[in-house]
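# Commentary on secondary and tertiary structure
The residues making up each chain are set out below.
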Amino acid sequence: MKLKSTMSREIHGIWYVALGATLWGLDPLFRILLLKSFTSAQIVFIEHLLLACYALPVFLMYRRTLLGKLTLGVIGALLFISWGGSAVATMLFTSAFAHGNANAVLLLQKLQPLFAIILARALLKEALPSRFFTYIVLALMGTYLLTFGFSAPSLGLHDLATQSCLFSILAALLWGGSTVMGKYLLQKDLSFHLVTSLRFLFAIPLLAVVLFAGGDTWQVQGSGAALTLMAVNLLFQAFFPGLLSMLLYYKGLSSTKAVYATLAELSFPAVGVLINWLAFDQALTLGQLAGFLLIWSTLLLMSRPGQAKTAAAQ
């Protein structure tokens, strides 16, 4: 009975992570209008201020559960996911695109699952489930097809030895590490509600410093109707791709191995490509469609009851 319950949580956990990552793919639907009035840093900062309306009451509600658990390791993991996984990784990835070969940057970003697997083995002592290497090969093939289709990117060795590529690798390391650090926090018996709220709250001071250092000017103009639409977009941006996605993600991560969760996160680029096709008329190539189907087929294979039973036993 206990094994069956563990299997069920593992299966549900994979799909909670995938659903949370899927909601990240809806981000452009809200962000495209906001970018006409705000910079990216301003949008993220406002989002986190709005999310503090949720995060602060939740923190106050669960603060007693932190007693005896707020070790240096826990604090470090919280800072890693809120500063490194969100702000720093995003800035590094953006800088990589601005100063280097886009194909090289995208290709090296695909190292993220590999970093997560290595860190999960080293820090969490997670064993790799059976057939895991098959799943990761399929998932990486799917993300490659989503990015490049059936064609090979034209790259020279000089394209892979630039500062922008280093930035891309560091961003992949931070994002992969955030999955592992999130799992570490949940293993410390911290509620996924609390982890989500602390991720948002810890990020606000750093985002404020980044915004101040960048010197972005605030230029919000428009009619009353336009400002209302902007406010509605900010709210939906914050509480759907923002809050709801992170709650689902951490709820799933609480019962899922980090090595599985990092593959389930690949539903994000898969849905992003689909949204670009449906909402923004960006043609979906046959190679991208194949990549989309390959990623979701991999998720279905990972969540089979027989596979979950093997993972649970390990």
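In what follows, the structure referred to is the one given above.
Summarised in this report is the structure supplied together with it. (Residues numbered from 1 in each chain as written. Predicted model: local features only at pLDDT ≥ 70, side-chain atom pairs only at ≥ 80, totals over all residues. Heavy atoms only, no water.)

Let us now look at the overall build of the protein. The helix and strand inventory of the protein stands at 14 helices and zero strands. Traced from its N-terminal end to its C-terminal end, the protein shows the element sequence α-α-α-α-α-α-α-α-α-α-α-α-α-α. Expressed as a percentage of its 314 residues, the buried residues of the protein come to 47%. For the protein, the share of sequence-separated contacts (at least 6 apart) that also reach a separation of at least 24 residues comes to 90%. Total accessible area computed for the protein in this model is approximately 15,000 Å², and 70% of it derives from carbon and sulfur atoms. (Helix = DSSP H or I, 4+ residues; strand = E, 2+ residues; numbered from the N terminus. Buried < 20%, exposed > 50% of the residue type's maximum accessible area, 1.4 Å probe, protein only. Contact = heavy atoms within 4.5 Å. Areas by Shrake-Rupley, 256 points an atom, 1.4 Å probe, with all protein chains shown as cover.)

Attention shifts here to the side chain of N233. If you trace the backbone, N233 turns up in helix α10 (residues 224–253). If we ignore the near neighbours within four places in the chain, the residues touching N233 are L29, F30, L33 and L34.

Right, let's get into a nonpolar patch on the surface. A cluster of nonpolar side chains, namely V232, L235, F236, F240 and L244, defines an oily patch on the protein surface of about 400 Å² accessible area. For L244, the position within the fold is in helix α10. (Patch = residues over 30% accessible without salt bridge, like charges linked within 9 Å, V, L, I, M, F, W, Y side chains within 5 Å. Salt bridge = Lys/Arg side-chain N within 4 Å of Asp/Glu carboxyl O.)

Compared with an ideal rise of 1.5 Å per residue, which puts 17 residues at 24 Å, helix α7 (residues 132–148) spans 24 Å between its outermost C-alpha atoms and is within 8% of the ideal. Looking only at α7, the buried set comprises F132, Y135, I136, A139, G142, T143, L145, L146 and F148. Positive backbone phi, approximately 70°, marks G149, located one or two places after α7. (Expected span 1.5 Å × (residues − 1).)

With respect to the helices and strands, V259 occurs in helix α11 (residues 258–264). Overall, the relative accessible area of 0% leaves V259 in the buried class. Here the alpha-carbon distance between V259 and L128, two residues 131 residues apart in the chain, equals 7.4 Å.

Before going further, it helps to spend a moment on unusual backbone geometry. Located in the positive-phi region is K125, a residue other than glycine, with phi close to 60°. Assignment of secondary structure puts K125 in the loop between α6 (112–123) and α7. Although it is not a glycine, D189 adopts a positive phi angle of roughly 60°. Of note, D189 is situated in the loop between α8 (163–187) and α9 (192–214).

We now examine the packing of aromatic side chains. In the structure shown here, the tally under the stated rule is eleven aromatic pairs. Seen in terms of ring centroids, W24 and F268 are 5.9 Å apart; in terms of plane orientation they differ by 85°. Their pairing is edge-to-face. You can see W24 sitting in helix α1 (residues 2–24) and its partner F268 sitting in helix α12 (residues 267–280), a full 244 residues away along the chain. Aromatic side chains F132 and Y260 sit 6.0 Å apart centroid to centroid with 40° between the ring planes, which places their arrangement in the tilted category. (Phe/Tyr/Trp six-rings, centres within 6.5 Å; stacked < 30°, edge-to-face > 60°.)

Quick look at the environment of S255 now. Within the secondary structure layout, S255 lies in the loop between α10 and α11. In the structure, S255 is positioned 245 residues away from E10 in sequence and 5.6 Å away in space, judged by C-alpha atoms. Sequence-distant contacts of S255, defined by excluding residues within four places in its chain, comprise R9, E10, G13 and K183.

Across the interface, α12 lies against helix α13 (residues 286–302) with an axial gap of 10 Å and an inter-helix angle of 145°. Where α12 crosses over α13, the handedness of that crossing is left-handed. Between α12 and α13, the contacting residues are S267, A270, V271, V273 and L274 on the first element and Q288, F292, I295, W296 and L299 on the second. Split into classes, the residues belonging to the contact of α12 with α13 amount to eight nonpolar, two polar and no charged. (Axes fitted to C-alpha atoms, helices over the stretch in contact; angles between N-to-C directions. Left-handed = near helix turned anticlockwise from the far one by under 90°. Nonpolar A, V, L, I, M, F, W, Y, C, P; charged D, E, K, R; others polar.)

Relative to the helices and strands, T256 resides in the loop between α10 and α11. Of the residues examined, T256 reaches a relative accessible area of 0% and is grouped as buried. Of the polar contacts made by the side chain of T256, one reaches the backbone oxygen of G252; its length is 2.7 Å. In this structure, T256 is in contact with E10, G13, I14, K183 and A261, ignoring residues within four places of it in sequence. (Polar contact = N/O pair within 3.5 Å; in protein donor to acceptor, adjacent residues only side chain to side chain.)

For α9, with 23 residues, the first-to-last C-alpha span of 33 Å sits near the 33 Å given by 1.5 Å per residue. Along α9, the sharpest change in direction is near 35° and occurs at I204; proline P205 comes one to four residues later. Residue G215 follows α9 closely and has a positive phi angle near 65°. (Bend = angle between axes of the 7 residues up to and from the residue.)

Turning our attention to the packing of helix α3 (residues 40–62) against α9. Between α3 and α9, whose axes approach to 7 Å, the crossing angle comes to 140°. Viewed along their axes, α3 and α9 adopt a mutual orientation that is oblique. Of the two elements, α3 crosses α9, and the hand of that crossing is left-handed. Considering only residue class, the contact of α3 with α9 consists of 21 nonpolar, four polar and no charged. (Parallel < 35°, antiparallel > 145°, perpendicular 65-115°, else oblique.)

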